[in-house]
Amino acid sequence: MAGAIRVKQLFLCPSILANETTLLRCRGNVNVIARDISSSESTKRKKKKEIELGRAAAEAVVKKEKRRTRSSREYELAGDGESPSSHVPVMLGEVVDVLSSIRLRSFVDCTLGAAGHSYAIIENHPELRHFIGMDVDPVAHKLAHVHLHSVLHPSLKSSIVRKNFKCIRSVIADTDPEMLDIGVDGILMDLGMSSMQVNNPERGFSVLEEGPLDMRMDPQASLKAEDIVNSWPESELGRVLRDYSEESNWYSLQNKIIKARLSGGLHSTGELVDLIRSMSPGNRGGRQGWIKTATRVFQGLRIAVNDELKTLQQSIYASFEVLAPGGRLAVISFHSLEDRIVKQTFLDILGFQREEKNPEEPRKHVEEELSDKDFGANESWIKQTVRSSNGIILTKRPITPSEEEERQNRRSRSAKLRVIQKS
Ligand SMILES: C[S@@+](CC[C@H](N)C(=O)[O-])C[C@H]1O[C@@H](n2cnc3c(N)ncnc32)[C@H](O)[C@@H]1O
């Protein structure tokens, strides 16, 4: 009988099961029983959900682990051991490895920085005859000149050029037209900022240092972060915060920034950080608090200021075009937006995306597991490839730094290296 009443009551008041607060407002013994049942069922449901969430999280970790290949290479610091800057080149050994089996007569470093990678590559390839280093930052040029001095030799024709890497074709045509005819054997892009840039507060890249809201890689470029924050249309500012910062709270942030324009706008990194901080509950810092949000917001603004994503995509196409048959392009990215572009553009170059759009077309690419034999014993870093008639993606999954490198150099933690070879 009690059971019958219980059932009846539950049918009369279905929200009881779902909401314990509603339940507490009901009166009488029957409802107390119903609360017991509902709470034990809700505990069970909660437990089940917790188990499901735990399982999903574990699967996500495994999947994430599977989608990359952690480098097992021994970690070593820059070859000469006396880098003229505080910048430690990321995945140096791995970059040297991906070009080591090539007869490297020509090499273009699109992101010269302090030339840590270039130094090691020039040192490892005495056959190198043409070298071009590009960077939009004049500070990098000074450091690179000093650093490379000891490895440049009379039979190596070298040019250090202050140009955006999207101009790779015209830079090669201007400096060494012959290189354009024959094709380039190796190209490197090591994306993002150098330590020299981050550590100089005047450049406005650092969340933790007071400086102007600048964020230009190229100090001669006209657009600064301050222009976006104080003058861009509301919707464009929102797009930067949503798509480039990937900030879940982008809309409130956009409104706060727009409101700040009424009282003169934001002109320093500190002012922007204070605004972000004021929006974090209890001004919480750390990984989940305002520092994380501010890092994301700074990243979004930097991407917009330097038009990084469009530039990257265009430049990968342009670089692949200028490669010689058998030549390789290696790209190190530092966040998921960049890595997605590298991955998708490599696939597009191989014609993979066009096939997806037109399923009638025969599949051009073949994914393979390879053994050392396919590429030679010294290329054990090649695990799985994607091929078409145009070329081979040598890293179906990106290579990530060794645990040792991640321990020694925090900046390397998000790095992903992908390599494509032209047929
Ligand atoms: C991570 S650092 C490169 C460090 C370098 N590999 C080394 O070993 O020292 C990236 C460099 O690329 C430059 N850079 C970023 N975007 C660029 C672009 N679109 N064109 C040319 N240089 C760019 C930056 O100014 C910065 O100096």
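Residues numbered from 1 in each chain as written. Predicted model: local features only at pLDDT ≥ 70, side-chain atom pairs only at ≥ 80, totals over all residues.

J.: How would you summarise unusual backbone geometry if you had to cite specific residues and measurements?
T.: A positive phi angle, close to 50°, is found at Met-91, a residue other than glycine. Residue classification places Met-91 among the buried positions, given that 26 C-beta atoms sit within 10 Å. Phi at Asp-307 takes a positive value of approximately 45°, unusual for a residue other than glycine. Position of Asp-307 relative to the elements: it lies in the loop between α15 (290-305) and α16 (308-322). (Buried ≥ 20, exposed ≤ 12 C-beta atoms within 10 Å, placed from the backbone. Helix = DSSP H or I, 4+ residues; strand = E, 2+ residues; numbered from the N terminus.)

J.: Go over the site of the ligand, please, and point to the residues and values.
T.: Around the ligand lies a shell of 20 residues, among which Pro-89, Thr-111, Gly-113, Gly-116 and Asp-137 are the nearest. In terms of residue class, the shell around the ligand is made up of eight nonpolar, nine polar and three charged. (Near = placed C-beta within 6 Å. Nonpolar A, V, L, I, M, F, W, Y, C, P; charged D, E, K, R; others polar.)

J.: If you had to explain the pairing of strand β4 (residues 157-161) to someone new, which residues and values would you point to?
T.: Note that strand β3 (residues 130-134) and β4 share five bridges and pair parallel. Of the residues in β4, the one forming a bridge with His-130 is Lys-157. With respect to chirality, the unit in which β3 leads through helix α7 (residues 138-148) into the neighbouring parallel β4 is right-handed. (Pairing = 2+ DSSP bridges. Right-handed = clockwise from strand over helix to strand, strands pointing away.)

J.: Tell me about α7, and name the residues and values.
T.: Three or more residues of α7 are buried, namely Ala-140, Leu-143, Ala-144, His-147 and Leu-148. For α7, the buried positions fall inside an angular range of 115° around the axis, keeping them on one side. In this structure, the buried residues of α7 make contact with α6 (116-124), β3, β4 and α10 (195-199). (Arc of directions from axis to C-beta. Contact = placed C-beta atoms within 7 Å.)

J.: Report on α16, specifying residues and quantitative values.
T.: With 15 residues, α16 extends 21 Å between its outermost C-alpha atoms, agreeing within 8% with the 21 Å of an ideal straight helix rising 1.5 Å per residue. All buried positions along α16 are accounted for by Glu-308, Leu-312, Ser-315, Ile-316, Ser-319, Phe-320 and Val-322. Down the axis of α16, the smallest arc covering the buried residues is 155°, so these residues share one side. Facing away from the buried side of α16, by more than 90 degrees, are the exposed residues Lys-310 and Tyr-317. (Expected span 1.5 Å × (residues − 1).)

J.: Outline the packing of α16 against helix α17 (residues 336-349), listing residues and values.
T.: When two helices pack together, their arrangement is given by the angle between their axes and by how far apart the axes lie. Where α16 meets α17, the closest approach of the two axes is 10 Å, and the angle between their N-to-C directions is 30°. The two elements α16 and α17 cross, and the hand of that crossing is right-handed. Along its contact with α16, which presents Leu-309, Leu-312, Gln-313, Ile-316, Tyr-317 and Phe-320, the element α17 presents Leu-337, Glu-338, Ile-341, Val-342, Thr-345 and Ile-349. Classifying every residue of the contact of α16 with α17 by side-chain character gives nine nonpolar, two polar and one charged. (Axes fitted to C-alpha atoms, helices over the stretch in contact; angles between N-to-C directions. Left-handed = near helix turned anticlockwise from the far one by under 90°.)

J.: Can you explain the nonpolar core? Please cite residues and give values.
T.: Across soluble globular proteins, you tend to see nonpolar side chains buried next to one another. In this structure, Cys-110, Ala-144, Ala-330 and Ile-420 are the most contacted members of the largest nonpolar core, which totals 61 residues. Sorting elements by how many residues they give to this core places strand β6 (residues 323-333) first, with five residues. When residues no more than four places from it in sequence are discounted, the contact partners of Cys-110 are Met-134, Phe-165, Ile-168, Ile-187, Leu-188, Met-189 and Ser-315. Grouped together as the second largest cluster of nonpolar side chains are 27 residues, Ile-257, Leu-301, Ile-303 and Val-305 included. (Core = buried A, V, L, I, M, F, W, Y, C linked by C-beta atoms within 7 Å.)

J.: Any chance you could break down the packing of helix α5 (residues 92-100) against α6 for me, citing the residues and the numbers?
T.: Two elements in contact, α5 and α6, have axes separated by 10 Å at closest approach and are oriented at 40°. Put simply, α5 runs oblique to α6. Considering the relative orientation of α5 and α6, their crossing is right-handed. Contact residues: Leu-92, Val-95, Val-96, Leu-99 and Ser-100 in α5; Gly-116, His-117, Ala-120, Ile-121 and Asn-124 in α6. Each residue belonging to the contact of α5 with α6 can be placed in one class, and the counts come to six nonpolar, four polar and no charged. (Parallel < 35°, antiparallel > 145°, perpendicular 65-115°, else oblique.)

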